[in-house]
Amino acid sequence: MSEQLKFIVEQLNKDPFKKNFNLITFDSLEPMQLLQILNDVLAEIDPKQAIDIREEMPEQTIKRMCALLGMLKYKPPGNLSDVSSFRQGLVSGSKPVVHPILHWLLQRLPELKKRAYLARFLVKLEVPAEFLQDDVINDTFHQYEELVEGFKTYHKECELLRTSGFSTAEIRRDISAMEEEKDQLIKRVERLKKKVESVSNHQRMLEQARQLRVEKEREESLTHQKQEQKNQLFQAEQRLQRSQQQLKDVQQAAADADPESLMKRLEEEIKINSYMVSEKLPKELEGMRRTVQYLQKIASEPAMGQADLQELEDQIKEVDSQINQLIEKRMMRSDPMDDKLTLYRQQASIIIRRKESKAEELQEAREKLATVKRGLRQRSSQASSDGGEDIRGDELKRLVGKLRSKGTVYKKKRQEITELKAEYGVLQRTEEILRERHETVQQKLQTMEAEKGISGYSNTQEELERVSAIKSELDEMKGRTLDDMSEMVKKLNSTIVEKKSALAPIIKELRSLRQQCQELNQEYEEKKAQYETCTAGLESNRSKLEQEVKALTEETAQEENRYHYINSMSEITEMQIQRAAEEMKAYVSSDPQEKKKAIREVYLKNISEQELLGKKLREKQKLVRESHSANMEQMMMWRDLEQLMECKRQCFIRAQSQASIGQVIQEGGEDRLVL
């Protein structure tokens, strides 16, 4: 409570209140003064509350304060949860009621200001239903609701802008910098225009430069289209490979399996896929939607402070305690019918868990199978591109013969390569000479173009020819790829028709076997259900027995610990009783020697000895205090004497060291040195 008062006084002494209180003056305030301070704090939150409560009726004051506190979502403490007692305490200006309100308000002042500001626009007016039947009132109310929703969106955008880190000063600086850059660019463009206007044929050169830019943009678009067509071709090849692989798989499955196994496998796949579509995937999708909604809700709300987090933690603790109380009540009034139902509930939960685990295992296995198939497809494509095959004995002999014939061909080709290298050296030299001549001709051409005022014309012409050649090649490639794709589609359609005609008699045979398969599946499901119920019952019985055994072992261990504890305590008690009897016997005995052995006598003797010792020490302390000053003087004298003796010793040592030079003679207060 003292911490609460201290916090309230500190906050009231700060801006904007500046009350200049201390703990004593604040605690000695009258109820009316305390209510006025509460009203001042509420007025800081909502300016409409700035009223002198002496000029207002008490009922109106309490009604106004309670309405604002309810809007601010204030919850009274646990001992003031009754509304009537809370209102009565607020009317009388009771400290146990007003102090918690002030503490709560001053802790959350900025947040409550924002909440009060929003409440002015977001708390909807309650209009009776009979008034809404009027068209004008109904339209006005709808407009009012639309304005409220618009205010919500604008406020969210404003908060996002405030929290995004952008400031108006930075934006203004950026705008001014961009305007300066714009002015500089305009000046540069004007200078370049002036330079170009002095050149002859500048309009033609500008037109050619514009055409060059257009052609470059066209070239970029063509390269982009080429890349897109390559990607489409690659995707079409992949689809073709996948369809071919699927066709191979279908052929192998049709060749290896009989109709019954094929039908069983298909029905199993249908059941698994229906379970995945109807149960597992909707649950996962619903969970993801809930998480997305929860995250969107969190993102749309304003940033939470420490006080909001503390309030949420308190709410969580309250809900946890309520849950625990409900669980205890349920355990207290558990009836035998619930115990019977728990068995079936456990069985159902076990089956559901197994089903979910198997579905997850199936999904993981499918993902692994897809990755393995992709790897196999890549390996097969690499092997087909490399041309790797198994080699047998006859093929090895043929390869050896081919290698021998190719060895002779290799030698001839090698000789031709040496001749070609020599010719290449000659051609390279001629190319260098021609390149030098071409450079000189190009320089002359550039000088002539500059003289005529059409510099860069030859380069532009070459670039245009190169672009037109590339475009023609692209058009040819596009035509070839479209023809190949159309032929490929025709082949695939023809193969699909052939496979359909081949599978038609097999499908007719399968129709006759479907009924038998359904009967077998029904019998299998019944047996499976019986087996699962039996296993679930056995597992639940086993778990119950294990729990009972565990409880009994724990009870046995507790009883053993209790037994050993009681035995040790009884032994200690017996020893204490025995010592007490011996002490009593020695105390009652008439023999003085026995009395001396008693603990009481021993303790009394020790006490008397310690008292004598303390008396002696106190006398000694008294003597030391009385002789302290004399002893200190004597110690100082001894220290001076020690310094004097040290000085004499130093003088004696110095005199001995000077004896080798001469002899010092002291006569009549004079010192003489005799050499």
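About the criteria used
- Residues numbered from 1 in each chain as written.
- Predicted model: local features only at pLDDT ≥ 70, side-chain atom pairs only at ≥ 80, totals over all residues.
- Heavy atoms only, no water.
- Helix = DSSP H or I, 4+ residues; strand = E, 2+ residues; numbered from the N terminus.
- Buried < 20%, exposed > 50% of the residue type's maximum accessible area, 1.4 Å probe, protein only.
- Contact = heavy atoms within 4.5 Å.
- Areas by Shrake-Rupley, 256 points an atom, 1.4 Å probe, with all protein chains shown as cover.
- Patch = residues over 30% accessible without salt bridge, like charges linked within 9 Å, V, L, I, M, F, W, Y side chains within 5 Å.
- Salt bridge = Lys/Arg side-chain N within 4 Å of Asp/Glu carboxyl O.
- Lys, Arg positive; Asp, Glu negative; His and termini not counted.
- Charge placed at Lys NZ, Arg CZ, Asp CG, Glu CD.
- Axes fitted to C-alpha atoms, helices over the stretch in contact; angles between N-to-C directions.
- Parallel < 35°, antiparallel > 145°, perpendicular 65-115°, else oblique.
- Left-handed = near helix turned anticlockwise from the far one by under 90°.
- Nonpolar A, V, L, I, M, F, W, Y, C, P; charged D, E, K, R; others polar.
- Core = buried A, V, L, I, M, F, W, Y, C linked by side-chain atoms within 4.5 Å.
- Expected span 1.5 Å × (residues − 1).
- Arc of directions from axis to C-beta.
- Polar contact = N/O pair within 3.5 Å; in protein donor to acceptor, adjacent residues only side chain to side chain.
- Phe/Tyr/Trp six-rings, centres within 6.5 Å; stacked < 30°, edge-to-face > 60°.

S.K.: Mind showing me how you'd approach the overall build of the protein here?
M.R.: What the protein contains, in helices and strands, is 18 helices and two strands. Expressed as a percentage of its 675 residues, the buried residues of the protein come to 13%. Nonlocal contacts in the protein, meaning residues at least 24 apart in sequence, comprise 59% of its contacts between residues at least 6 apart. A total of about 55900 Å² of accessible surface is found on the protein, and carbon and sulfur atoms cover 56% of it.

S.K.: I tried to follow a positive patch on the surface on my own but got confused; where do I start?
M.R.: On the surface, a cluster of positive charge is contributed by Lys187, Arg188, Arg191 and Lys195. Residue placement: Arg188 occurs in helix α9 (residues 168–197).

S.K.: Looking at this structure, how should I read the pattern of salt bridges?
M.R.: When their charged atoms lie close together, side chains carrying opposite charge are able to pair. Across all of its chains, the model carries 12 salt bridges by this definition. A salt bridge links Glu432 to Arg429; the shortest N-O distance between them is 3.2 Å. Taken together, the residues span about one helical turn, with Glu432 and Arg429 both in helix α14 (residues 393–452) at a distance of three residues. Its salt-bridge partner being Arg435, residue Glu431 comes within 2.8 Å of it at the nearest N-O pair. Linking Glu431 with Arg435, this pair stays in helix α14, spanning four residues, or about one helical turn. Exposure remark for Glu431: the relative accessible area of 40% places this residue in the partly exposed category. With relative accessibility at 42%, the residue Arg435 sits in the partly exposed group.

S.K.: For this particular structure, what's the right way to read unusual backbone geometry?
M.R.: The general pattern is negative phi for most residues beyond glycine and trans for most peptide bonds. Unlike most non-glycine residues, Asn20 shows phi in positive territory, near 60 degrees. With respect to the helices and strands, the residue Asn20 is situated in the loop between α1 (2–13) and α2 (23–27). Asn20 gets classed as exposed once you look at its relative accessible area, which sits at 71%. The backbone of Lys73 sits at a positive phi, close to 65 degrees, despite the residue not being glycine. Here Lys73 shows up in the loop between α4 (58–71) and α5 (83–91).

S.K.: Can you walk me through the packing of helix α3 (residues 31–45) against helix α6 (residues 95–107) in this structure?
M.R.: Each pair of packed helices can be described by the angle between their axes along with the distance between the axes. The N-to-C vectors of α3 and α6 enclose an angle of 25 degrees; their axes lie 11 Å apart at closest approach. When the interaxial angle is binned, α3 and α6 end up roughly parallel. The handedness of the crossing between α3 and α6 comes out as left-handed. Where α3 approaches α6, its residues Leu34, Leu35, Ile37, Leu38, Val41, Leu42 and Ile45 are matched on the opposing element by Lys95, Val98, His99, Ile101, Leu102, Leu105 and Leu106. Taken together, the residues of the contact of α3 with α6 break down into 12 nonpolar, one polar and one charged.

S.K.: For this particular structure, what's the right way to read the packing of α5 against α6?
M.R.: At a minimum axis separation of 8 Å, α5 and α6 run at an interaxial angle of 90 degrees. The pairing of α5 with α6 is recorded here as roughly perpendicular in orientation. Between α5, through Phe86, Gly89 and Leu90, and α6, the contact on the second element is made entirely by Val97, Val98 and Ile101. Of the residues that constitute the contact of α5 with α6, the class distribution is five nonpolar, one polar and no charged.

S.K.: Before we go on, may I ask you to explain the nonpolar core in this structure?
M.R.: Soluble globular proteins tend to pack their nonpolar side chains together in the buried interior. Judged by nonpolar contacts, the single largest core of 35 residues is most densely connected at Leu12, Phe26, Leu38, Leu90, Ile101 and Leu105. Looking at this core, the elements that each hand over two or more residues are α1, α3, α4, α5, α6 and α7 (109–122). Leave out the neighbours within four places in its chain, and Leu12 touches Phe17, Lys18, Lys19, Phe21, Phe26, Ile37, Val41 and Leu106.

S.K.: Could you clarify how one ought to interpret a nonpolar patch on the surface in this entry?
M.R.: A cluster of nonpolar side chains, Ile599, Val602, Tyr603, Leu604 and Ile607, forms an exposed patch at the surface whose accessible area comes to about 440 Å². Along the chain, Ile607 falls in helix α17 (residues 599–626).

S.K.: Help me understand α1 in this model?
M.R.: In an α-helix, one full turn covers 3.6 residues, which means residues spaced three or four apart are oriented alike. The terminal C-alpha atoms of α1 lie 17 Å apart, and with 12 residues this matches the ideal 16 Å at 1.5 Å per residue to within 8%. Every buried residue belonging to α1 is among Gln4, Leu5, Ile8, Val9 and Leu12, and all of these are buried. Take α1 and look down its axis: the buried residues cluster within an arc of 130 degrees, on one side only. Opposite the packed face of α1, turned more than 90 degrees from it, sit the exposed residues Ser2 and Glu3. Looking at the buried positions of α1, the neighbouring elements they touch are α2, α3 and α6.

S.K.: Could you clarify how one ought to interpret the side chain of Thr535 in this entry?
M.R.: Positionally, Thr535 belongs in helix α15 (residues 457–588). According to the relative accessible area criterion, Thr535 is buried, its value standing at 16%. Within the local environment of Thr535, its side chain forms a polar contact with the backbone oxygen of Glu532, the two atoms lying 2.7 Å apart.

S.K.: Quick question: what am I supposed to make of the packing of aromatic side chains here?
M.R.: How two aromatic rings sit relative to each other is set out by the distance from centre to centre and by the angle between their planes. In the structure shown here, the tally under the stated rule is four aromatic pairs. A connected cluster of aromatic rings, assembled from ring pairs, spans Tyr74, Phe86 and Trp104.

S.K.: Quick question: what am I supposed to make of the environment of Gln36 here?
M.R.: If you trace the backbone, Gln36 turns up in helix α3. Taking C-alpha positions, Gln36 is 8.7 Å from Arg54, a pair spaced 18 residues apart along the chain. Among residues more than four places away in sequence, those in contact with Gln36 are Ile51, Asp52 and Ile53.

S.K.: Which parts of the structure should I look at to understand a negative patch on the surface?
M.R.: A cluster of like negative charges, contributed by Glu179, Glu180, Glu181 and Asp183, occupies part of the molecular surface. Assignment of secondary structure puts Asp183 in helix α9. When its relative accessible area of 42% is taken as the criterion, Asp183 is described as partly exposed.

S.K.: Please clarify how the environment of Asn13 should be interpreted in this entry.
M.R.: Mapped onto the elements, Asn13 comes out in helix α1. Other than its neighbours up to four places away in sequence, Asn13 contacts Lys18, Lys19, Asn20 and Phe21.

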